[in-house]
Each structure stands twice: as structure tokens, then as C-alpha cells.
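Descriptive structure summary
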Amino acid sequence: MDIVLGLQWGDEGKGKFIDLISENYDITARFNGGSNAGHSIERNGRKITLKMIPSGIFMKEVQNIIGTGTVLDPVSFKKEILNLQAFDHTVQPEKNIIISKKAHLVMPTHKLLDIFMEENPEYTTIGTTKNGIAQAYSNKILRQNLRVGDIGSPDFQSRAQHILERDYKMLEDGGMIVLPALEEITKEFFEAVEFLKKFTCTETEIYLNKALSEGKKVLAEGSQAAMLDIDHGTYPYVTSSSTTASGASSGLGVSPKKIGEIYGIAKAYCTRVGNGAFPTELLDEFGDDLRMKGNEFGSNTGRPRRIGWLDLPALKYAVMINGVTQLVLTKADVLSGLKSVAVCTHYELEGEMIPVAGTLPENARPVLKWMEGWNADFSNMKNAAELPREVIGFLSFLEAELEIPVGYLSTGPGREQILKLTNK
């Protein structure tokens, strides 16, 4: 099993890369997160953003797994499937998607609870997508939640109704003017659950391990990114699940011994959405220009992303904890036209130089290394020999610092705009 995951704060371009290489696999599998993900894929000049659906869905011979470590919102999932079919009528999601019976459900009131906590001054505001993901995971840990496999139980409707009524009353008692009405969200939820029953739900751990024993190739798809990991990220401004390579193992029920390549995706600069430390952030007009040039707006929420120079201390940390074997670098083309580009090589904090860091101190000063910029049209490049000398120098610098090869370089937003740089 190979793994693709983000190494920064998300939005690195995972969807495009997975869509490109998934034709080499028999199965693609989501192992964490829910509809808070936003993996953008461009096909035939049009773009679609996938949330719960694995990015291998456009490959007709590829099976797509929504694994145990995910949380599934039936209402959002139904809308996503209908949108997918409108985008490409040849896709057969009911045939090519299998869902873990052990994946937990996101209830409609989980979204409302998310909104309540984000807007209530009694709680820490972290800038979530308000999709109810944290509430679903927290109720999972509290053993108070329902799972996909429960939807076929005779008492499912009564159990779900109890949760919805309990949560709704709690929100009203907390002073929230709750909209829409309980009857409305209940009706929509149960209609979506009926839609969900069209899909195969099984113990995907057994399915995946059997497939691997038969020699089939599996690609595990991570959502969010390493620096948003619930344990290893910039807490509390993180997501609610494990986003790392080890999370792929636990989220899919596949032994770490069966992991092969670990592809880490990173931009040539950094972005993040929401609150949290960001030592290399650019708060000037140049940062605004770079945001517009790189179209740095959330694929799921549309929120403008914060922009900063490439952060090597954080990137080294992400490479280390994930055991990344190849780096996939994106957005170097966005930096084209600059006389010089910067990379943060260390943080300076109270006279100490910090070369690797998972915890990013708010008052750390980024130490920048300025490198010669490049000015080239990447859009039609077909092989590495066409790359400017300055880009080759930038890639060589990253390989030396991270001690892993840069296996792929994205040259634009298009599906085919990517160069393979290694023979692996």
C-alpha cells in the first residue's frame, strides 16, 4: 500500500496527483476526515472538488474505499454524488465506491454544534469549516455516536431521532436560535440515509487486506495535512483526525509492514486557512499578489488562504514523522517571474536556532535564505531537461535539506501538467 498525504496545512494539490497516478492502482482509499476535505480535480477543462469521495473515482477500473477512520455525513455525501454524476455522467459511484461499516456518521446537529462553538466566546475559536467533523469525532470518542453499519438496524431511526432531539434541545438551552427547524433537518437526514443504502457497506479492513494478499495495489489518500494532525500538528488549530502515514494504517486497518511508497505533497511556498501560528506569513501587498496569482482560496469554503514563504523547519518535521520517500512539489510555477525567492531554513527564538519544529512558537523569527528566482513558462514543459537552471538549483537545495528526492514537479493546474523527475 502506498500513501499520498499533505505535508503543510492542506491545499497542496493532493487531488490532482492522486487522480493522475490512481490509474496505476486497483484501489484508492480515504482513511481520515470527512466533508471538510476539498480535493480539486480538473478534467476536460472543468474542475470539480471532491470532499468524501476518493480521488480515484474517475478511473473506471479502480475501486474507491471510504475507510473506517473517516466520518461520513449522509446529507453532504448525497449532494456530492449527485454533483459528481452531473459533472460526469459516465461515472458509476454505486458500483465503484465501498464504505466501511465502522465509519462514523456526521449528524445534522453536529454541524449546528460546530457553529455554536465557533460563535460562542466561551470556546476557543479555531476557524473550522463548520461541517460537524469535530463533533462527530468527539462523539465517537465518547462512544455516543452512530456508525454507517447501524443504518440497517431495526432501531436506527429511533436512536438517530433521540440524538437529534437531544442535541437540538441542548442548542436551544444554550441560547442559540436554531435554524433550520428540527423537523426539516430530520427529514433531510433520513432521506439521505436511504440514499446511502444504495452503496456497498462492508468491513473494509478485511476487503483491503484480502486485496493486498492477492497482489492488488492500494493507494491511501490523506485529507488535510501533516501540520493539521490532531496529535502532531499545530494544536489546537488542527483537524480532528490523524492525517499522517500512521493514520493511514490505523484508519484503514492495514499493517504498517504493508506500506511502500509515501508521497508527500508540498507547495513551493506555504498557505494555511484559519487561525494558528504561521512564522513565514506575508502580510503585505506581495502576499496579496501571490494569493491572487496562485488562486489561493479554499476549494471547500472559498476562504482566502494565508500566504507565506516555504517553511523548512515545519516541512522537515512533516517528512520525519511520516517517513516520506518522495516529495511532490507544486506551485513552483506560481513563483515564476520573481527575481528572488525565499525559504525559511531556521527559526530564531531567544538566541537559539531551531532547524526542525512541529510546535511553531508565535514569537519565533524566521531566518530566510534568499535564492535566485526564475522566469519561465512552465505550462508546456514535457521533461525535466526544460527546467530553468534556477529551478533545478531550488529542487537540489530541497533534496539536500530534506534528504529525500523530489519525485514530481507540478507545472500548472492542469491534470497533465506534472513532470516525473525520478525513475522510481
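Throughout this document, residue positions are counted from 1 along each chain, in the order its sequence is written. Two thresholds apply to this predicted model, a pLDDT of at least 70 for residue-level local features and 80 or more for giving and counting side-chain atom pairs, whereas whole-chain, interface and lining totals are computed over all residues. Only hydrogens and water are removed before side-chain values are computed, so all heavy atoms of the structure are retained for them.

As annotated in an unreviewed UniProt entry, the chain is Adenylosuccinate synthetase from Chryseobacterium arthrosphaerae. UniProt positions are given in the numbering used here, feature names are shortened, and annotations may be inferred rather than shown by experiment. UniProt, in the comment section headed Pathway (unreviewed entry), describes the chain in these words: "Purine metabolism; AMP biosynthesis via de novo pathway; AMP from IMP: step 1/2." If you open the UniProt record of the chain and go to Catalytic activity (unreviewed entry), you find "IMP + L-aspartate + GTP = N(6)-(1,2-dicarboxyethyl)-AMP + GDP + phosphate + 2 H(+)".

Judged by nonpolar contacts, the single largest core of 71 residues is most densely connected at Ile-3, Leu-7, Leu-327, Leu-329, Phe-394 and Leu-398. Within the second largest apolar cluster, 41 residues are counted, among which are Leu-50, Tyr-168, Phe-189 and Val-193. In this text, buried Ala, Val, Leu, Ile, Met, Phe, Trp, Tyr and Cys residues form a nonpolar core when linked through side-chain atoms within 4.5 Å. To sort residues, take the accessible area from a 1.4 Å probe on protein chains only and compare it with the maximum for the residue type: under 20% means buried, over 50% means exposed, and anything in between is partly exposed.

To continue, consider helix α12 (residues 389-402). Labels follow the DSSP assignment, with helices taken as runs of H or I lasting at least four residues and strands as runs of E lasting at least two, numbered in each case from the N terminus. Working rule for helices: expected span equals 1.5 Å times residues minus one. Spanning 14 residues, α12 covers 20 Å between terminal C-alpha atoms, matching the ideal 20 Å at 1.5 Å per step. Turning to α12, its buried residues number three or more, namely Glu-390, Val-391, Phe-394, Leu-395, Phe-397, Leu-398 and Leu-402. One face of α12 carries all of its buried residues, which in axial projection span an arc of 155°. Those residues of α12 that are exposed and angled more than 90 degrees off the buried face are Arg-389 and Ala-400. Pairs of residues are marked as contacts when any of their non-hydrogen atoms sit within 4.5 Å. Along its buried surface, α12 packs onto β13 (306-311), α11 (312-322), β14 (326-330), β15 (340-349), β17 (365-372) and β18 (406-410). The first or second residue beyond α12 is Glu-403, which carries a positive phi of 60°. As used here, the arc is the angular range of directions from the helix axis to the C-beta atoms.

A few words on the packing of aromatic side chains. Two numbers describe a pair of aromatic rings. These are the distance of the centres and the angle of the planes. Pairing of aromatic rings covers Phe, Tyr and Trp, the last through its six-membered ring, and needs centres within 6.5 Å; plane angles under 30 degrees mean stacked, over 60 mean edge-to-face, and all others mean tilted. A complete count under the given rule lists 14 aromatic pairs for this structure. Judged by centre distance (5.1 Å) and plane angle (70°), the rings of Phe-77 and Phe-199 are edge-to-face. Placement of Phe-77 in helix α2 (residues 74-87) and of Phe-199 in the loop between α7 (182-196) and β9 (200-202) is noted, with a sequence separation of 122 residues between them. The pair Phe-77 / Phe-199 is uniform in exposure class, with both members buried.

Here the focus is unusual backbone geometry. Tyr-235 connects to Pro-236 through a cis peptide bond whose omega is 5°. As for its placement among the helices and strands, Pro-236 is situated in the loop between β10 (218-221) and α9 (245-252). Located in the positive-phi region is Glu-350, a residue other than glycine, with phi close to 50°. You can see Glu-350 is positioned in the loop between β15 and β16 (352-354). Overall, Glu-350 belongs to the exposed group, its relative accessible area being 79%.

Within the secondary structure, Pro-388 sits in the loop between β17 and α12. Taking the relative accessible area as the measure of exposure, Pro-388 reaches 15% and is therefore buried. Considering only alpha carbons, one finds Pro-388 and Asp-167, 221 residues apart in sequence, at a separation of 58 Å. Each residue touching Pro-388, except ones within four places of it in the same chain, is listed here: Trp-374, Ala-376 and Met-381.

Next up on the list: the UniProt feature "binding site: substrate" (unreviewed entry) in the chain. The residues that UniProt annotates with the feature "binding site: substrate" (unreviewed entry) are Ser-299, Asn-300, Thr-301, Gly-302, Arg-303, Pro-304 and Arg-305. In this fold, Arg-303 is placed in the loop between α10 (285-293) and β13. With residues up to four places along the chain from it excluded, the contact list for Arg-303 reads Gly-127, Thr-128, Thr-129, Val-273, Gly-274, Glu-296, Phe-297 and Gly-298. Counting through the fold element by element, Pro-304 comes out in the loop between α10 and β13. If we skip the residues at most four places from it in the chain, Pro-304 touches Arg-291, Glu-296 and Phe-297.

It is worth spelling out the environment of Phe-297 at this point. Topologically, Phe-297 is positioned in the loop between α10 and β13. On the accessibility criterion, Phe-297 (28% relative accessible area) is partly exposed. Taking the C-alpha atoms as reference points, Phe-297 and Leu-349, separated by 52 residues in sequence, lie 31 Å from one another. Phe-297 has contacts with Arg-291, Met-292, Gly-302, Arg-303, Pro-304 and Arg-305, leaving out every residue within four places of it along the chain.

On to helix α8 (residues 204-213), then. Every buried residue belonging to α8 is among Thr-204, Glu-205, Leu-208, Ala-211 and Leu-212, and all of these are buried. One side of α8 holds all its buried residues, which, seen down the axis, span an arc of 135°. Away from its buried face by more than 90 degrees, α8 exposes Ile-206 and Ser-213. Close packing links the buried residues of α8 with β2 (27-30), β5 (63-66), β7 (97-100), β9, β10 and α9. Residue Gly-215 follows α8 closely and has a positive phi angle near 90°.

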